[in-house]
Amino acid sequence: MIGPSPNPLILSYLKYAISSQMVSYSTVLTAISKFDDFSRDLCVQSLLEIMDMFCDRLSCHGKAEECISLCRALMSALNWLLRCAAFYTEKVKETLEQAAAESQLKMCLERLEKMLSSTKNRALIHIAKLEETCMLVSLPCPRACFPSPASWSTVEQSLLKLGENLNSLSNSPLRSQADNCVSLIKSIPTMLSVHSEQLNKTGFPTVHAVVLLEGTMNLTGDTQPLVEQLMMVKRMQHIPSPLFVLEIWKACLVGLIESPEGTEELKWTAFTFLKIPQVLVKLKKYPQGEKDFTEDVNCAFEFLLKLTPLLDKADQRCNCDCMSLLLQECGKQGLLSEANMTNLTDKRKHAPCLKSAENANIQPNPGLILRAEPTVTNILKTMDADHSKSPEGLLGVLGHMLSGKSLDLLLAAAAATGKLKSFARKFIKAESTSPAPHPGHLLFSPQRRHPGSSTGPSMILSESSPAGEVPFFETWMLTCMPEEGKILNPDHPCFRPDSTKVESLVALLNNSSEMKLVQMKWHEACLSISAAILEILNAWENSVLTFESIQKITDNIKGKVCSMAVCAVAWLVAHVRMLGLDEREKSLQMIRQLATPLYGENTLQFYNERVVIMSSILEHMCADVLQQTATQIKFPSTGMDTIPYWNLLPPKKPIKEVLTSMFTKVLEKGWVDSHSIHIFDTLLHMGGVYWFCNNLVKELLKETRKEHTLRAVELLYAIFCLDMQQLTLTLLGHILPNLLTDSSKWHTLMDPPGKALAKLSVWCALSSYSSHNKGQASARQKKRHREDIEVDYISLFPLDDTQPSKLMRLLSSNEEDANVLSSPNRSMSSSLSASQLHTVSMRDPLNRVLANLFLLISSILGAKTAGPHTQFVQWFMEECVDCLEQGSRGSILQFMPFTMVSELVKVSTMSSPKIVLAITDLSLPLGRRVAAKAIAAL
């Protein structure tokens, strides 16, 4: 290149050397990018011809460092081509040189387009960009230490210069070609983030079920976990934002329409009109692409307006215009513009007349709930006042709150707006600071559970207490109060009081004609009552006490101090569970005695109000144990609603049959309703996590219709949200390894059920890992305690290389190809993954299970034999890539061994540069080298 044209002899030698691959492509590209005298047209033409020889088929089969050099050289060549194009677009302006310049520009743009049209080349440039960024961050003076002919910033500068010159380019074909090249270059940094949305679907049963589950069973929960879960579903299923918001509103209206009358209806009203607008406000903060989220909300309401039968049914149920109230709340939260609100309201003005003669005087629940919300705030302010000297005001408020459905309205509004914990704690504080023995103490439960809801102790008080001493009531409620899914041991430390206090209390209960607590502190009596009841029961069993004596004792317990009856029954419920069928009679009789209130004039102030609360608490406490022991206790009518969704399971029908028939029914219908959610929750509680998960997976694998398998996955994911963490551990840690290592079960993994199971597994893994890392397991999931999920994952999957895990022993003991599948000594530490470089804790069960699952997948890919299980692994990885977020460092793929990348690219459907970029952690130097080596070899 010394003269105006290249030396033809040396040029021919050079072309031969390149075609014979005697010189590396990275060396050639780097050399070309150093030539900058673009005025020598013949030299530039020769260099473009040389580049044309290999530009669209770059490859490198050398070491990882050589592949990284190829990435850098390709970025330098890209910058050189951009500079060259910019030079000739500038030269086109000169009239005398126009034709020659256009010819040169055309040659340059053709090579540029050829280079960029290859996804492989763009992927390698993407790695070079990341390599440069990480080098700049990690080194104190990177440019001085590693002078680079081109960087991404210089590429952007060259791109800017070319863009400026393009404005004056009159040749339309050339301009169009240049614009195409520019857009391809701009797409390189975001080449992993493009996902096509599902525009052909209008219903999304997973979103529907997640919202129904939250409204039915977790009204008191914080909004953030729900927001995260909904966003996860939106990303995984690529749901367009307007249809996503529409599905949320549809689920709310369906929940409202089908909710049982009473407190359940109030809960759904509060959830729909108070909580969901808050959820949408948080969803608005997430990146939504180019569209404004308020436009998506408006579009969702436009779609909702077309669902006239649904809106009419909701209006009829609520006795008001639901649409206008929803629009009003969304307007308050800044989710709709004034113009859109007016437009939408006008379109719904033709709603049918709602008021009839019989319901004209009934106040609609949505209006009551919306008015109750500011009332809750006012009560909280009132509670901050000092009531220790004059508690009558507080007791008057309590009495007033118990009138009609005031308390239910206030509790529903407080729960939906996240104020229930504060509401509860302020009442506890007010009672705890009152001087004993005062009638206020005898109420004991101002924040009783909302009847029929999941607003139990764990739900209300699941957050840590404010600084300072924790009130006794809060401690007792969290440790000693039975509730659904919380089985207590009667020998639990919370039931072991001071023995001297117990003797005093037994004597007091047995001898006093009138119960007085002057000899003992109130909280001591509540703590001691469990042991006292055990002493009294033993005396009754041994005929030391007669039934009449027991009656007198129970009258003393419940006649004055209702709280002691609650404490006594809490222990009796735990005690009855531990007894044989023939030993339960006296304990159940005592529960029956304590549940029957005294009637007479000799009762303390507000006794009748306290009995209402006490009976409600006892009914909820005893519900589980009464159902399990087939016992009936008639609780006094409290004027409150019966427990909805109770006794759901058909008598004398095996629970497995109930599970399969319910799942079949839900699958045929295509969506989950509140009733089926409660049945699934009951079955999960009764059968345990492994039984529940295993049987539902079996049902999925039986399905052979493609459209039904996809629907089944969407519904199963939503059902698994009942306890996502534990069900995911079971699915990934036990059920999948069993299916993948047992050749007799491989046939069940055929398409379509196998592909559906892979999708479900990835969805569960991503959701659990995301919420687990953010510490966002809901209180509903935290409260579950079942013995069958107490798995020792550390012994199941050991960290020590010298001790083979049970999973690997299982692999090595398989049939003839077991040794190929895995070596028994190949455990977690011997196969390096990104998670180990990020120092992720492997003592965490979920991390451990994920790491071992990817080890198993790696073993299957490296095996000499293939089968349905190999195909399953491919589907699993494809779904991982499909659900991936751009720049999602710390996803489940970080547990994949680096060695697995080279195995995956051998699979035809996985041999794509984009997939390699997606499955490797590009934030790590080793990840970038592995990716560069794999892509360069494609």
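Residues numbered from 1 in each chain as written. Predicted model: local features only at pLDDT ≥ 70, side-chain atom pairs only at ≥ 80, totals over all residues. Heavy atoms only, no water.

1. Digging into the overall build of the chain
Put simply, the rule is: Secondary structure is summarised from DSSP: a helix means a run of H or I of at least four residues, a strand means a run of E of at least two, and numbering begins at the N terminus for each. Three labels apply to residues, based on accessible area from a 1.4 Å probe with only protein chains included: buried if under 20% of the type maximum, exposed if over 50%, partly exposed otherwise in between. Should any heavy atoms of two residues lie within 4.5 Å, those residues are counted as being in contact. The Shrake-Rupley method, run with a 1.4 Å probe, gives the accessible areas here. Residue values count only the displayed protein chains as cover.
In terms of helices and strands, the chain carries 46 helices and 0 strands. The buried share of the chain, taken over its 938 residues, is 56%. Counted over contacts in the chain with a minimum sequence separation of 6, partners at least 24 positions apart contribute 78%. In the structure as shown, the chain presents an accessible area of about 39300 Å², 54% of it carried by carbon and sulfur atoms.

2. Digging into the pattern of salt bridges
This is how the line gets drawn: Any carboxyl oxygen of Asp or Glu within 4 Å of a side-chain nitrogen of Lys or Arg constitutes a salt bridge here.
The final tally for this structure, using the stated rule, is 26 salt bridges. We note a salt bridge from Arg-928 to Glu-131, for which the minimum N-O separation is 2.5 Å. Here the residue Arg-928 occupies a position in helix H46 (residues 925-936), and Glu-131 occupies one in helix H6 (residues 119-138), the gap between them amounting to 797 residues. Both residues of the pair, Arg-928 and Glu-131, belong to the buried class. A salt bridge links Lys-501 to Glu-524, with the nearest nitrogen and oxygen atoms 3.4 Å apart. Highlighted residues: Lys-501 in helix H25 (residues 499-511) and Glu-524 in helix H26 (residues 522-541), separated in sequence by 23 residues. Within this structure, Glu-65, Arg-72, Glu-131, Arg-928 and Arg-929 form a network of salt bridges that share partners.

3. Observations concerning the confidence of the model for the chain
Reading fine detail from the predicted coordinates is not recommended where pLDDT is low. The condition is simple: Each residue gets a pLDDT score, which is the predictor's confidence in that residue and runs from 0 to 100.
Residues of the chain with pLDDT of at least 70 account for 77%, and the chain-wide mean is 79. When the elements of the chain are averaged for pLDDT, helix H40 (residues 818-821) gives the smallest value, 35, and helix H33 (residues 689-702) the largest, 95. Throughout residues 782-790 the model reports pLDDT below 50, and contacts reaching past four residues in sequence, or to other chains, amount to 25 contacts. A low-confidence stretch, residues 799-830 stays under pLDDT 50, and its non-local contacts, those more than four residues away or across chains, total 67 contacts.

4. Digging into a negative patch on the surface
So the rule is basically this: The patch calculation keeps residues exceeding 30% relative accessible area without a salt bridge and links them within 9 Å when they carry like charges or within 5 Å when they are nonpolar (Val, Leu, Ile, Met, Phe, Trp, Tyr). For the charge count, each Lys or Arg is scored as positive and each Asp or Glu as negative, with His and the chain ends excluded. Lysine's charge is taken at NZ, arginine's at CZ, aspartate's at CG and glutamate's at CD.
Taken together, Glu-541, Asp-582, Glu-583 and Glu-585 make up a surface patch of like negative charges. Here Glu-585 is to be found in helix H29 (residues 585-595). A relative accessible area of 53% means that Glu-585 is categorised as exposed.

5. Regarding helix H12 (residues 241-258)
Every α-helical turn comprises 3.6 residues, leaving residues that sit three or four positions apart pointing alike. Which entries qualify depends on this criterion: A helix is expected to span 1.5 Å for every residue after the first.
The terminal C-alpha atoms of H12 lie 26 Å apart, and with 18 residues this matches the ideal 26 Å at 1.5 Å per residue to within 8%. Within H12, 17 of the 18 residues are buried, which leaves it mostly tucked inside the rest of the structure.

6. Describing helix H27 (residues 547-559)
Taking 1.5 Å per residue as the helical rise, H27 with its 13 residues ought to reach 18 Å, and the 17 Å between its terminal C-alpha atoms agrees with that figure. Taken together, the buried residues of H27 touch H25, H26, helix H28 (562-577), H29 and helix H30 (607-628).

7. Things to note about the nonpolar core
For the record, the criterion: The nonpolar core is taken to be a set of buried Ala, Val, Leu, Ile, Met, Phe, Trp, Tyr and Cys residues, with the residues joined through side-chain atoms within 4.5 Å.
Core analysis: the largest hydrophobic core is formed by 239 residues, its most contacted members being Trp-80, Phe-301, Tyr-717, Phe-720, Leu-757 and Met-877. Looking at this core element by element, the count peaks at 16 residues for helix H4 (residues 64-91). Met-481, Ala-525, Ile-533 and Met-590 belong to the second-largest nonpolar core, a separate cluster that totals 55 residues.

8. Re the environment of Arg-122
Among the secondary structure elements, Arg-122 is positioned in helix H6. Classification of Arg-122 as buried rests on a relative accessible area of 11%. Taking the C-alpha atoms as reference, Arg-122 lies 9.4 Å from Lys-914; in sequence the two are 792 residues apart. Not counting chain neighbours up to four residues away, the residues in contact with Arg-122 comprise Leu-116, Ser-117, Leu-184, Ser-187, Ile-188 and Met-191.

9. Considering the packing of helix H1 (residues 8-19) against helix H3 (residues 41-52)
Using the following cut-off: Axis definition: a line fitted to C-alpha atoms, limited for helices to the stretch in contact. Angles are taken between N-to-C directions and run from 0 to 180 degrees. Angle categories are assigned with fixed cut-offs, so that under 35 degrees is roughly parallel, over 145 is roughly antiparallel, 65 to 115 is roughly perpendicular, and the rest are oblique. In this scheme, a crossing is called left-handed if the near helix is turned counterclockwise away from the far one by less than a right angle; it is called right-handed if the turn is clockwise. Under this grouping Gly is polar, as are all residues other than the nonpolar Ala, Val, Leu, Ile, Met, Phe, Trp, Tyr, Cys and Pro and the charged Asp, Glu, Lys and Arg.
Axis separation between H1 and H3 bottoms out at 11 Å; the angle between their running directions is 15°. Taken together, the axes of H1 and H3 are roughly parallel relative to one another. When the axes of H1 and H3 are compared, the crossing they make is right-handed. On the side of H1, the interface is formed by Leu-11, Leu-14, Lys-15 and Ile-18, while H3 contributes Ser-46, Glu-49 and Ile-50. Classifying every residue of the contact of H1 with H3 by side-chain character gives 4 nonpolar, 1 polar and 2 charged.

10. Things to note about unusual backbone geometry
Here the residue pair Asp-751 and Pro-752 is connected by a cis peptide bond, since its omega of 10° sits within 30 degrees of zero. Looking at where Pro-752 falls in the secondary structure, it is placed in the loop between helix H35 (724-741) and helix H36 (753-773). Phi at His-238 takes a positive value of approximately 50°, unusual for a residue other than glycine. Take His-238: it is sitting in the loop between helix H11 (223-237) and H12. Backbone geometry at Ser-543 places phi at a positive 65°, although glycine is not the residue there. Among the structural elements, Ser-543 can be located in the loop between H26 and H27.

11. Some words on the side chain of Glu-265
Operational definition: By the criterion applied in these results, polar contacts are pairs of N or O atoms within 3.5 Å in which, for protein atoms, one can donate a hydrogen and the other can accept it, and in which residues neighboring in sequence qualify only through two side-chain atoms.
Examined against the element boundaries, Glu-265 turns out to sit in helix H13 (residues 263-284). At a separation of 3.2 Å, a polar atom in the side chain of Glu-265 contacts the side chain of Asn-365. When neighbours within four sequence positions are excluded, Glu-265 is seen to be in contact with Leu-256, Ser-259, Pro-260, Arg-317 and Asn-365.

12. Observations concerning the packing of aromatic side chains
What counts, and what does not: Two rings belonging to Phe, Tyr or Trp (six-membered ring only in the last case) form a pair when the distance between their centres is within 6.5 Å. Interplanar angles under 30 degrees mark stacking, angles over 60 mark edge-to-face geometry, and anything in between is tilted. Either the NZ atom of lysine or the CZ atom of arginine qualifies as a charge over a ring when it sits within 6 Å of the ring centre and within 35 degrees of the ring normal.
A complete count under the given rule lists 11 aromatic pairs for this structure. Considering the side-chain rings of Tyr-25 and Phe-54, the 4.7 Å spacing of their centres and the 15° angle between planes classify their relative orientation as stacked. With a gap of 29 residues between them, Tyr-25 in helix H2 (residues 25-32) and Phe-54 in the loop between H3 and H4 connect regions that are remote in the sequence. Accessibility assignment for this pair places Tyr-25 and Phe-54 in one class, buried. Put simply, the rings of Phe-38, Trp-80, Phe-87 and Tyr-88 touch in pairs and so form one group of aromatic residues. Sitting over the ring of Phe-244, Lys-234 keeps its end group 6.0 Å from the ring centre.

13. A few points about the packing of helix H8 (residues 152-166) against helix H9 (residues 172-186)
Viewed as axis vectors pointing N to C, H8 and H9 meet at an angle of 155°, and their least axial separation amounts to 11 Å. Considered as vectors, H8 and H9 are oriented roughly antiparallel to each other. Remark: the crossing between H8 and H9 carries left-handed chirality. Counting all contacts with H8, which are made through Trp-152, Val-155, Leu-159, Leu-162 and Leu-166, the residues of H9 involved are Arg-175, Ala-178, Asp-179, Val-182, Ile-185 and Lys-186. The residue inventory of the contact of H8 with H9, partitioned by class, reads 8 nonpolar, no polar and 3 charged.

14. What to know about a nonpolar patch on the surface
On the surface, Leu-9, Ile-10 and Tyr-13 cluster together into a nonpolar patch covering about 350 Å² of accessible area. Of note, Tyr-13 is situated in helix H1. Relative accessible area serves as the criterion here: at 55%, Tyr-13 is assigned to the exposed category.

15. Topic: the state of the cysteines
Stated precisely, the cut-off is as follows: Cysteine sulfurs are considered disulfide-paired once they come within 2.5 Å of each other.
Summed over all chains, the structure comprises 0 disulfides. Its sulfur unpaired, Cys-322 is 3.8 Å from the next cysteine sulfur, which belongs to Cys-318. The thiol of Cys-764 is not disulfide-bonded; the next cysteine sulfur, from Cys-693, is found 7.6 Å away. Owing to a relative accessible area of 0%, Cys-764 belongs among the buried residues under this scheme.

16. A short note on the environment of Leu-409
By the element assignment, Leu-409 lies in helix H20 (residues 406-416). Separated by 146 residues in sequence, Leu-409 and Thr-263 have C-alpha atoms that sit 8.2 Å apart. Contacts of Leu-409, omitting those with residues within four sequence positions, involve Leu-266, Leu-368, Ile-369 and Ala-372.

17. Examining the environment of Leu-855
The topology assignment puts Leu-855 in helix H42 (residues 845-861). Take Leu-855: its relative accessible area is 2%, and that puts it in the buried class. Put simply, Leu-855 and Met-900 are 45 residues apart on the chain and 8.8 Å apart in space, counted from C-alpha to C-alpha.

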